[in-house]
Amino acid sequence: MTPSDFVGLVGVIACLVAYAGLQMGRLQHDDLRYIGLNILSPACLLVSLMHDFNLAAVITQVLWLGLSLIGLLRAMYARSRKTERLGAKCAETET
């Protein structure tokens, strides 16, 4: 097994763990662990694809990575908004 094969397998495992966690209710779509796995997976697969290039697979993984990064930004924004609202509520209660 080559190093690129190993990295590719890590990517496949990350993808399957994320999907299984979502399907079994252990992870939510906005859970940072789920999003992290969805970023790790295509990143590893892209590394593997550098060794054995396949255009369709590269396009799929680039889009998957891009969408996952958008999901990460949205989740972080939602968390910061929630923190701001909680901070405002605490400030109102103290006065």
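Everything below is about the structure printed above this text.
Residues numbered from 1 in each chain as written. Predicted model: local features only at pLDDT ≥ 70, side-chain atom pairs only at ≥ 80, totals over all residues. Heavy atoms only, no water.

Trainee: What is the right way to read the overall build of the chain from this model?
Mentor: For the chain, the count of helices and strands is three helices and zero strands. Ordering the α and β elements of the chain from the N terminus gives α-α-α. Relative to the 2.2 N^0.38 estimate, which gives 12 Å for 95 residues, the radius of gyration of the chain is 18 Å and therefore markedly larger than a compact globule would have. A burial count over the chain gives 25% of its 95 residues as buried. Considering only intrachain contacts with a sequence separation of at least 6, the fraction spanning at least 24 residues in the chain is 52%. Carbon together with sulfur atoms contributes 69% to the accessible area of the chain, which is approximately 6900 Å² in total. Distance between charge centres in the chain, computed from 8 positive and 7 negative side chains, equals 8 Å. (Helix = DSSP H or I, 4+ residues; strand = E, 2+ residues; numbered from the N terminus. Rg over C-alpha atoms; globule rule 2.2 N^0.38 Å. Buried < 20%, exposed > 50% of the residue type's maximum accessible area, 1.4 Å probe, protein only. Contact = heavy atoms within 4.5 Å. Areas by Shrake-Rupley, 256 points an atom, 1.4 Å probe, with all protein chains shown as cover. Lys, Arg positive; Asp, Glu negative; His and termini not counted. Charge placed at Lys NZ, Arg CZ, Asp CG, Glu CD.)

Trainee: Just checking my understanding: could you explain the nonpolar core for this structure?
Mentor: As a rule of thumb, nonpolar side chains are buried together in soluble globular proteins. Among the nonpolar cores identified, the biggest contains eight residues, and these are Ala14, Ala18, Leu27, Tyr34, Ile35, Leu37, Ile39 and Ala75. Only α1 (3-23) and α2 (32-51) provide two or more residues apiece to this core. Ranked by the residues each element gives to this core, the list is headed by α2, at four residues. Setting aside residues no more than four positions away along its own chain, isoleucine 35 makes contact with His29, Asp30, Ser68, Gly71, Leu72 and Ala75. (Core = buried A, V, L, I, M, F, W, Y, C linked by side-chain atoms within 4.5 Å.)

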